[in-house]
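Structural characterization, general
The primary structure of each chain is shown beneath.
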Amino acid sequence: MPFDRVRVRLAPSPTGDPHVGTAYVALFNYVFAKKHGGDLILRIEDTDQVRSRASSEAMIMKSLRWLGLEWDEGPDVGGKFGPYRQSERKDVHQKHVDELLAKGAAYRCFCTSERLDEMRKAQREAGHQTGYDRHCRALPESEAMTKVSAKHPFVVRLKMPTDGTTVVDDVIRGKVEFDNARIDDQVLLKSDGFPTYHLANVVDDHLMQISHVIRAEEWVSSTPKHVVLYRAFGWEAPQFCHLPLLRNADKSKISKRKNPTSLAYYERAGVLPEAMVNFLGLMGWSFSDKEEVFTVPQMQQKFELKQIHLGGPIFDTTKLNWLNNQYLQKLDDERFVAYVREKMFSPDYLKKLRPFALERMDRMEQFVDRFAFFFNGALPYEGVELIPAGKTAPEVVTMLSELVEVLDEVYDWTDASLKEATDAFKTKIGWKPKDYFMTLRLVVTGRKDSPPLIESMTILGRETVRFRLRDVLNAPQLKS
RNA sequence: GUCCCGUUCGUCUAGCCUGGCCCAGGACACUGCCCUUUCACGGCAGCGACGGGGGUUCAAAUCCCCCACGGGACGCCA
């Protein structure tokens with residue numbers, strides 16, 4: 001361990017909704033840090049200029065706080081190792097890339113993406129592992145500099161050793177050996193001047209004095225590159241610990257296509273943060289062979305990285321529901337009332353509903369019944385005519401499944417962009433407006449007499465709409 | 001395809017390092033019974049797993065080897 005003090009980091013990339021996988025890794029990092037009296041650092045990995053969004057960063061921080069996983073240093077709380085947003089550390093990264101270049105540990109590559117694509121295609125067809133063919137590695141320095149002055153775009157790649165092995169020492173897995181010859185010359189600096197994950201991660205982890213890198217299993221295969229990087233810089237590598245990947249029911253890596261993965265979804269669904277955290281703590285780890293209900297402070301006492309079971313756990317929320325019920329039963333008056341009044345029937349949410357509600361009621365008592373779908377999760381579809389005349393169940397299923405994909409691409413969840421997206425999709429599939437919109441209305445609201453569809457979808461939010469679009473596929477009418 | 005990781009009830013897991021206490025323990029789910037004017041909670045019971053094959057050993061879920069299966073990675077994404 002390169003530093004005396006335990007310092008771990010959480011390094012999410014702000015490219016979407018706050019993910020349960022992020023929370024999972026966050027929990028284990030948090031618990032490990034606290035157990036050892038160390039620090040948790042939140043570092044935003046926003047080096048992907050195309051996909052990073054500020055709104056995503058804000059949501060991730062909000063969700064982590066909701067779970068009670070507070071960080072000691074981060075973009076919002078500061079700290080002496082900042083800045084904590086990688087996009088603000090470009091100079092630092094550039095400087096370190098220059099150092100590698102000067103040392104001869106890295107080289108400039110002028111290959112175009114077209115050439116790389118063709119190369120990979122050929123490799124794949126030949127049945128080989130894909131990887132850079134090191135075309136530019138042998139390029140003389142003088143030639144490279146000429147190209148640079150001629151403004152040829154380039155990336156900087158790591159010079160991997162061509163023989164021997166690199167050993168990754170993982171806290172749980174032990175020593176894992178990799179054949180250097182099979183490891184790619186990783187791009188460290190992109191042509192836009194931003195570092196890739198690999199470079200930024202190693203540099204920042206070292207500069208921020210990270211002692212243990214606790215992250216998901218998907219990183220195991222790139223860790224030897226990181227080890228080589230640490231060596232190139234002359235730094236001692238941190239302890240690595242790769243957590244198992246949460247899985248879908250079919251065992252593939254958890255994805256929003258097959259599971260609700262957004263923490264915002266679970267929060268809205270009325271899952272208590274202590275239940276969520278407890279549930280995540282049960283994935284790959286166990287508190288004891290008798291008790292399964294525990295708090296984060298209790299987990300801290302007993303937690304050991306080495307005890308983590310490596311079989312990838314299926315993220316099956318059945319047990320989460322039971323756990324949540326356990327915690328729900330313990331809610332006192334204060335928390336219960338606060339939840340219903342401030343979260344479920346929050347003033348902000350009710351204000352959004354007011355214009356739609358008032359013109360459709362003659363007595364206030366009708367509100368709860370008629371607007372229930374604004375507060376519910378899953379809707380009852382018994383007796384609802386989900387299939388328009390002339391259409392078949394498979395057609396409706398296909399339409400809805402494709403629509404989910406379309407809506408996933410909607411960048412901001414507003415009336416305008418939803419209208420645009422749903423209209424475009426309607427035109428594409430060529431359904432009659434009435435059939436299309438009524439089906440959608442029934443799926444999203446569960447009733448024919450709902451307020452305007454687009455506005456309702458906007459208010460309900462992305463996660464709930466997505467959930468219903470998927471959930472309705474289980475309705476008997478649509479099963480064939 | 002190549003490399004790497006994994007594999008205990010349907011699901012989450014204990015046990016595996018330090019072989020015998022394991023004809024494998026707990027929890028969720030499911031089924032039944034009890035409690036109960038309903039439902040839920042709660043209680044009790046039941047169902048249900050060491051991927052396969054070789055070895056080592058007096059003894060293997062536990063150690064070794066092979067196979068199968070699952071997953072991850074193979075991006076100027078993280």
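Quantities reported herein were computed from a predicted structural model and do not represent experimental measurements. (Residues numbered from 1 in each chain as written. Chains lettered and ligands numbered in written order. Predicted model: local features only at pLDDT ≥ 70, side-chain atom pairs only at ≥ 80, totals over all residues. Heavy atoms only, no water.)

1. Looking at the overall build of chain A
Helix and strand content of chain A: 19 helices and nine strands. Principal-axis analysis of the C-alpha atoms gives chain A an extent of 80 × 55 × 40 Å. The 480 residues of chain A split such that 49% are buried. Put simply, 76% of the contacts in chain A that link residues at least 6 apart link residues at least 24 apart. By element, 52% of the accessible surface of chain A is carried by carbon and sulfur atoms, the whole surface being about 23400 Å². Each charge class in chain A was averaged separately, 69 positive and 68 negative side chains, and the resulting centres sit 1 Å apart. (Helix = DSSP H or I, 4+ residues; strand = E, 2+ residues; numbered from the N terminus. Buried < 20%, exposed > 50% of the residue type's maximum accessible area, 1.4 Å probe, protein only. Contact = heavy atoms within 4.5 Å. Areas by Shrake-Rupley, 256 points an atom, 1.4 Å probe, with all protein chains shown as cover. Lys, Arg positive; Asp, Glu negative; His and termini not counted. Charge placed at Lys NZ, Arg CZ, Asp CG, Glu CD.)

2. Side note on the pairing of strand S1 (residues 7–10)
The two faces of S1 match: Arg7 and Arg9 on one face and Val8 and Leu10 on the other face are all buried. Remark: the S1/helix H1 (residues 20–35)/strand S2 (residues 39–42) crossover connection has right-handed handedness. (Right-handed = clockwise from strand over helix to strand, strands pointing away.)

3. Things to note about helix H4 (residues 113–125)
Over its 13 residues, H4 runs 18 Å from end to end, which matches the ideal 18 Å to within 8%, given 1.5 Å per residue. Considering only its buried residues, H4 is in contact with strand S4 (155–158). Remark: Gly127 follows H4 within two positions and exhibits a positive phi of approximately 80°. (Expected span 1.5 Å × (residues − 1).)

4. Focus on the packing of aromatic side chains
Tallying each qualifying case throughout the model produces 23 aromatic pairs. For the ring pair Phe367 and Phe371, a centre distance of 5.3 Å and an interplane angle of 20° mean the geometry is stacked. Each member of the aromatic cluster is reached from another via a ring pair, and the members are Phe345, Tyr349, Phe367, Phe371, Phe373, Phe374 and Phe375. One Lys or Arg, Arg108, reaches over the ring of Phe154 and ends 5.5 Å from the middle of that ring. The lysine or arginine in question, Arg157, covers the ring of Tyr132, its NZ or CZ lying 3.7 Å from the ring centre. (Phe/Tyr/Trp six-rings, centres within 6.5 Å; stacked < 30°, edge-to-face > 60°. Lys NZ or Arg CZ within 6 Å of the ring centre and 35° of its normal.)

5. Focus on the nonpolar core
Ranked by internal contacts, the top residues of the largest apolar core, which has 58 residues, are Leu27, Phe28, Leu243, Phe303 and Phe315. Sorting elements by how many residues they give to this core places H1 first, with 11 residues. What Phe315 contacts, discounting residues up to four positions off in sequence, is Val20, Leu246, Arg247, Ile254, Asn259, Pro260, Tyr266, Phe279, Leu280 and Met283. Core analysis: the second largest hydrophobic core is formed by 41 residues, Leu353, Tyr381, Phe425 and Ile454 among them. (Core = buried A, V, L, I, M, F, W, Y, C linked by side-chain atoms within 4.5 Å.)

6. Some points on the protein's contact with RNA strand B
Taken together, 51 residues lie around RNA strand B, and Gly127, Thr130, Lys190, Gly284 and Glu292 are the ones closest in. For RNA strand B, the fraction of atoms within 4 Å of the protein that belong to sugar or phosphate moieties is 80%. Within the backbone of Tyr197, a nitrogen or oxygen atom sits 3.1 Å from a phosphate oxygen of RNA strand B. Contributing elements (two or more residues each) for the surface near RNA strand B: S4, strand S6 (174–179) and helix H11 (318–328). If one sorts the elements of the surface near RNA strand B by residue count, H11 sits on top with four residues. Residues of the surface near RNA strand B, tallied by class, amount to 15 nonpolar, 17 polar and 19 charged. (Near = heavy atom within 4 Å. Polar contact = N/O pair within 3.5 Å; in protein donor to acceptor, adjacent residues only side chain to side chain. Nonpolar A, V, L, I, M, F, W, Y, C, P; charged D, E, K, R; others polar.)

7. Considering unusual backbone geometry
You will see that Lys151, though not glycine, has its phi angle at about 65°, which is positive. Among the structural elements, Lys151 can be located in the loop between helix H5 (141–149) and S4. For Lys151, a relative accessible area of 74% translates into the label exposed. Although it is not a glycine, Gln209 adopts a positive phi angle of roughly 55°.

8. Examining the pattern of salt bridges
This structure, assessed with the given rule, holds 34 salt bridges. Between Arg9 and Asp205 there is a salt bridge, and its shortest N-O distance comes to 3.0 Å. Highlighted residues: Arg9 in strand S1 and Asp205 in helix H6 (residues 197–207), separated in sequence by 196 residues. Exposure class is identical for Arg9 and Asp205. Each is buried. Asp408 is the partner of Arg466 in a salt bridge, and the nearest nitrogen-oxygen pair spans 2.4 Å. With Arg466 in helix H19 (residues 462–471) and Asp408 in helix H15 (residues 393–408), this residue pair connects regions lying 58 residues apart in the sequence. Accessibility classification places Arg466 together with Asp408 in one group, the buried group. The structure contains a network of salt bridges with shared partners spanning Arg5, Arg7, Asp39 and Glu73. (Salt bridge = Lys/Arg side-chain N within 4 Å of Asp/Glu carboxyl O.)

The quantities given are spatial measurements derived from coordinates; they are silent on function.
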